[in-house]
Every structure is written in structure tokens, then in C-alpha cells.
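# Structure assessment
Chain residues, written in single-letter form:
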Amino acid sequence: FFSWGFIDGSLRIGTIDPLSSSATPPTASAHVPISPYNLKINRCFTNMHDGVITTISTSEADVGLLVTGGDDGVVRIWNTKALDNNNNNSNVNSNLSNLQENNYSYSLGAILTGHTHRITCLAVSKAYGLIASGSLDGRVLI
């Protein structure tokens, strides 16, 4: 899973696993909802945008792209690549040009500018080879 919307411009990537039948079920509290799943943050990449990441998108098929949009009015295209199982991921590089998360590497492929306000929506189409972004400036850029 992906989690975004943090003030530090971070993107958090994690896994969702069902609780085992032997696990103690969670208890309700005022701040934590009860869930039958274990949510584990595997990696946190900070400063991916100048401000909050407002939306992300991937294509309907695995073409190796993750697209993020933010408060800064910028769209960033990240190339994703599966790493071979023999690769040692203990040295995670968390700068903007090359990020690694468990079995995937993320590298910054392009920065798209043209919007003057916050990005509100993104869509990626493998079939048409397009990325569309919408913004509070009232424009959709393709």
C-alpha cells in the first residue's frame, strides 16, 4: 500500500498482511480503529515534493511507473523496477534520484511542470501512453 499527504512531502510504502488466527485481536481505542490486518510501513521516502503529496497514480497494468503530484504543482514520474532476489537491499538510498523499497527500485524519470496550483488528480493509461494531471488552476494537462 501507499500512504501520502504528510507535511514532509513523504511517501510511505508498506504491506498489508492478515492477522494470523493465533494473534491477539486488536482492541478498540479512541485513535486506532480495529482492523483484521497487520499494516507495516516498509519504507518512508521524504522530500519527494516541496510540500504535501496530494495524489498518486499507477497504470492499470504493470508498466513500471508511479506518478506523484503535490502542493507544489509539479508531477513527478518515478520508474519502478523489480530487483533480483540476490540484490542486497540493506543500503537503501533515499534521495530523490534513486529510491529502493524491498524488492523494487524507484528512480526519478521526469519532472513535469505547467500547473500553477496544487495537483488534485492523476491518471495513467498504458493503452494510450498518456499521463493526465488536473489541478486547482482549472487545467488538465496531458
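Conventions we followed
- Residues numbered from 1 in each chain as written.
- Predicted model: local features only at pLDDT ≥ 70, side-chain atom pairs only at ≥ 80, totals over all residues.
- Heavy atoms only, no water.
- Phe/Tyr/Trp six-rings, centres within 6.5 Å; stacked < 30°, edge-to-face > 60°.
- Lys NZ or Arg CZ within 6 Å of the ring centre and 35° of its normal.
- Helix = DSSP H or I, 4+ residues; strand = E, 2+ residues; numbered from the N terminus.
- Polar contact = N/O pair within 3.5 Å; in protein donor to acceptor, adjacent residues only side chain to side chain.
- Contact = heavy atoms within 4.5 Å.
- Pairing = 2+ DSSP bridges.
- pLDDT = per-residue confidence, 0-100.
- Buried < 20%, exposed > 50% of the residue type's maximum accessible area, 1.4 Å probe, protein only.
- Salt bridge = Lys/Arg side-chain N within 4 Å of Asp/Glu carboxyl O.

Turning next to the packing of aromatic side chains. Applying the stated criterion across every chain, the model contains zero aromatic pairs. For the cation-ring pair, Arg 12 lies above Phe 6, with the distance from its terminal atom to the ring centre recorded as 3.5 Å.

If you trace the backbone, His 115 turns up in the loop between β8 (104-112) and β9 (119-125). Within polar-contact distance, the side chain of His 115 engages the side chain of Ser 133 at 2.8 Å. At 3.2 Å, the side chain of His 115 forms a polar contact with the side chain of Asp 137. Setting aside residues no more than four positions away along its own chain, His 115 makes contact with Gly 73, Ser 133, Gly 134, Ser 135, Asp 137, Arg 139 and Leu 141.

Right, let's talk about the sheet that holds β9 for a bit. Strand order in the open sheet formed by three strands is β9-β10-β11, with antiparallel pairing between adjacent strands. Each end of this open sheet is capped by a strand with a single partner; those strands are β9 and β11 (140-141).

Our focus in this paragraph is the confidence of the model for the chain. On average, residues of the chain carry a pLDDT of 77, and 70% of them reach 70 or more. Mean pLDDT across the elements of the chain ranges from a minimum in strand β7 (residues 98-101), with 50, to a maximum in β11, with 95. Ignoring residues within four places in sequence, the model shows residues 87-98, a span with pLDDT below 50, making 25 contacts including any to other chains.

Residue position: Thr 120 is located in strand β9. Residue class for Thr 120 comes out partly exposed when judged on its relative accessible area of 39%. When the C-alpha atoms of Thr 120 and Asp 71 are compared, they prove to be 8.7 Å apart, with 49 residues separating the residues in sequence. If sequence neighbours within four positions are ignored, Thr 120 has contacts with Thr 55, Gly 134, Ser 135 and Leu 136.

On to the pattern of salt bridges, then. Scanning the entire structure with this criterion turns up two salt bridges. Put simply, Asp 71 and Arg 118 hold a salt bridge, and the shortest N to O gap is 2.9 Å. Of the two residues, Asp 71 is situated in the loop between β5 (65-70) and β6 (75-82) and Arg 118 in the loop between β8 and β9; the sequence distance between them amounts to 47 residues. The partly exposed category is assigned to Asp 71, whose relative accessible area is 31%. In this structure, Arg 139 and Asp 137 form a salt bridge, with 3.2 Å as the shortest nitrogen-oxygen distance. Relative accessible area serves as the criterion here: at 37%, Arg 139 is assigned to the partly exposed category. The exposure class assigned to Asp 137 is buried, which follows from its relative accessible area of 19%.

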